[in-house]
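Each chain, letter by letter, is given below.
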Amino acid sequence: MTEEKSLISFAILSTEWHEEKKDYLDMFIPFFLQCVEQQRSSEKLISLKKIKVELRDKFGINLLSNVIEMLARRVANEGYIEIQKNVCCLTNKKFDTQIFIERRDMAEKHQKELFEGISLFLQKNYPLFKFDKSILEDSFIQYLCKYGRGIVAQSSENTEENLVQEELYIYYIGKFISYTKEEDKRYFKYIQEIIYGAMYATALFMQENLKKIQTKSKIDNLKVFLDTPLLLHILGYSGEEFQESIKELVEILKNLGVQICYWQHNIDEVLSILEAYEHHYLNGTLDRSKNFEYFIYKKTTPSDISRYKATLSSDLTKLGIFLQEDVEMGKEELIESNLFEEYLKENMFYRSDTRRLNDVNSICYTYKLRTRKDFRRIENCEYIFVTQNHTLVSLTKRYFKEHRNKNEYPAIIDDTLLTSIAWIKSETDGKKILNSKIIADAWAAQSVPETFWEKCIHEMEKLQEHGDISQQDLYLLEYDILARRQLYEKTDGDINKLNMGDIEDVLKQVDYNKHQEILEEKSKLEQDSNRKEKENIDLKKRLIRSKANEYKRMWGKWKLVALIRKSMLLIVCTILVLITQLVAILQGQHPNLGLGIAAILFSIFLKYVDKLLSSKNKSLEAFFLRKSKEMLYEKINEQEEEFVDEISEKIYEESRLFK
């Protein structure tokens, strides 16, 4: 099929860029020359129209005619063809196709391995899913081709034989991509090759009026306005995967000189959504939006939502996203916006008129701020509105191409294309942003289709009315993301396969998960408690050691003081004897040595008596030691007894000198 050829071409484009570092047109020259060589054997003149058809049929690439003409001029500059009076003729210079063929063969090999990898993944992890290999490959091709939206040559085959079946296959493809990111880097690298090439090609397709996109230029004079869902994503209200993807896009845009803003009516819409969620919480009612389900999954409380509301503007400001006041419209502009609103009303479904009006205002305000109507590049278009709604982007381009300058760069762009442009312009951060985008899209692909789930809820409500399941069971099934996915997998996305046995199995699994969650929470609390207790004991040990070290540093002073105190009686007696003898000498008398010796001996006798009396104090010392131990035990909660004994003995031995 044609789309399969597109994937191979995308992988070749990715290799061309990473190895050759060519600009966008140069990356397509090998494909162009391959088609030229095909015509060499049959005719001398080159038909650009025929080359365009061959690019589509042989490589699955749909290039615009003006891009084909630019490629022809570049090939002519390299001497492969001559252009005379708008007629292209072959020259004798031939293109060496060997490198191109090697890259094509490698891309085909990787694609084959990728298809085998997803089949093995499903057989191993989802053995109950009886998939058709050809349908799986077609669905995978369709999923990857969405990154090359616009440039992929769509085949005439009807690949949507069964919408329910296609949604189921896309669901498992999302699971496979998430798995490869963490567990099998080889397959994820193959996916990257295809998506990188697709986004290069898409960027070229959308910049159709350029000969070359300025890859290293900043976009200093551009303001980007984020749509409401993107604001919810970057604030973390939709899931970590979406938040990371949009955050990285915003950071790279800011590094390129872009100002990130939001309209007042969009922030008002975010506030109304949060207020609605808060109302549901307080009144015990349900909301089936994905953001509300994520809030329940994260156990968000009404007080959390109140805090989100209070800090909404400041949270966006911290992220470098600023408010742009709504614009006053003139009479003609109001008429144009009303006509555009009617156009959207006829061609696109909205859940509320307010959301449609917000989209109309975002687009019309963006056009209003522009100073000219002939901007042809995103680098100088001044203002642009970014959204994830691809249908809105397509309808807006179609409408304003008829009602404004058809060559003007649109006032709206989808996040995938903006990611491509930001990635291409940012050589250092580009890979990270695209990986986040791939993972976010894979996560989104794992969402259970709304049509299936609405029918499923309807059937379960019937069971609840008949008493087969309780209201609590219904609530668990409705708002447990894992339970929803399990029901989807058990029924293969077919509501007719839903039965009570599957519901009971899922409810048991939900109960088991809740029990495991409680056990994990309990284990976590115990670990935290043990860790804090250990830290507390360690701190107290350090305090006691610090005190003991302080005593040790003072030991020299204590020893001197203790020695003086113990010998005080002998010292005093000796001093008194010396004084009396000195006085006698001064008075001309002979010193009485016998009296001095008797005094000293008497002091020694008194010291001996003091020693005998001090033995009577042992019981008192033991009492003080016991009290000191009790105080230390109390301080460290009666733990580490040996350590306490050791410190107590040291304190006792060092302090007994003072007795």
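Attention in this report is confined to the structure presented alongside it. Given the structure is predicted, the values throughout are model-derived calculations rather than measurements.

This part is about the sheet that holds strand β2 (residues 81–84). The strands making up a sheet associate through hydrogen bonds between their backbones, and the pairing can be parallel or antiparallel. Taken in spatial order, the three strands make up an open sheet running β1-β3-β2, and their pairing is antiparallel. With partners counted over all chains shown, the strands left at the sheet margins are β1 (45–46) and β2, one partner each. In this sheet, strand β3 (residues 87–90) lies alongside β2 in antiparallel orientation, the contact comprising four bridges. Bridge pairing in β3 places Ile83 opposite Cys88.

Turning to the pairing of strand β5 (residues 259–263), a few remarks are in order. With four of five residues buried, β5 lies mostly within the body of the structure. Here strand β4 (residues 223–226) pairs with β5 via three bridges, running parallel. Opposite Val224, over in β5, you have Ile260 as the bridge partner. Pairing analysis gives four bridges linking β5 to strand β6 (residues 321–324), with the strands arranged parallel. Residue pairing for β6: Cys261 is matched across the bridge by Phe322.

At a minimum axis distance of 9 Å, the contact between helix α11 (residues 264–283) and helix α13 (residues 302–310) shows a crossing angle of 165 degrees. When the interaxial angle is binned, α11 and α13 end up roughly antiparallel. Note on packing geometry: the crossing formed by α11 with α13 is left-handed. Residue-level contacts link Leu271, Leu274, Glu275, Tyr277, Glu278, Tyr281 and Leu282 of α11 to Pro302, Ile305, Ser306, Tyr308 and Lys309 of α13.

What follows deals with the environment of Phe95. Within the fold, Phe95 resides in the loop between β3 and α5 (98–125). Distance from Phe95 to Pro30, taken between C-alpha atoms, is 8.5 Å for residues 65 residues apart in sequence. Those residues within four positions of Phe95 in sequence are excluded, and the remaining contacts are Pro30, Leu33, Gln34, Glu37 and Tyr80.

Burial of nonpolar side chains together is a common tendency in soluble globular proteins. One finds Phe140 and Met460 to be the most contacted residues of the largest nonpolar core, which totals 140 residues. By residue number, the principal contributor to this core is helix α8 (residues 185–206), which donates 11 residues. With residues up to four places along the chain from it excluded, the contact list for Phe140 reads Leu114, Phe115, Ile118, Ile173, Phe176, Ile177 and Ile191. In this structure, Met348, Tyr350, Cys364 and Phe385 belong to the second largest nonpolar core, which totals 24 residues.

Attention now goes to the sheet that holds β4. Taken in spatial order, the five strands of this open sheet run β6-β5-β4-β7-β8, and their pairing is parallel. Each edge of the open sheet is held by one strand with a lone partner, namely β6 and β8 (412–414). Sheet twist, expressed as the average angle between the axes of neighbouring strands with direction ignored, equals 40 degrees. On top of the sheet, helix α17 (residues 390–403) reaches β7 (383–387) and β8; it is set at about 145 degrees to β8, its chief contact. Contacts between helix α18 (residues 415–425) and the sheet are confined to β4, β7 and β8, with β8 contributing the most and set at about 80 degrees to the helix.

Another point: the packing of helix α15 (residues 331–347) against helix α16 (residues 353–369). Packing of α15 against α16 leaves a shortest axis separation of 10 Å and a crossing angle of 140 degrees. Classified by the angle their axes make, α15 and α16 are oblique. Regarding α15 and α16, the two cross each other, and that crossing is right-handed. Along its contact with α15, which presents Glu333, Ser337, Phe340, Glu341, Leu344 and Lys345, the element α16 presents Arg356, Leu357, Val360, Ile363, Cys364 and Lys368. In the contact of α15 with α16, the residues fall into six nonpolar, one polar and five charged.

Definitions and cut-offs
Residues numbered from 1 in each chain as written. Predicted model: local features only at pLDDT ≥ 70, side-chain atom pairs only at ≥ 80, totals over all residues. Heavy atoms only, no water. Pairing = 2+ DSSP bridges. Helix = DSSP H or I, 4+ residues; strand = E, 2+ residues; numbered from the N terminus. Buried < 20%, exposed > 50% of the residue type's maximum accessible area, 1.4 Å probe, protein only. Axes fitted to C-alpha atoms, helices over the stretch in contact; angles between N-to-C directions. Parallel < 35°, antiparallel > 145°, perpendicular 65-115°, else oblique. Left-handed = near helix turned anticlockwise from the far one by under 90°. Contact = heavy atoms within 4.5 Å. Core = buried A, V, L, I, M, F, W, Y, C linked by side-chain atoms within 4.5 Å. Nonpolar A, V, L, I, M, F, W, Y, C, P; charged D, E, K, R; others polar.

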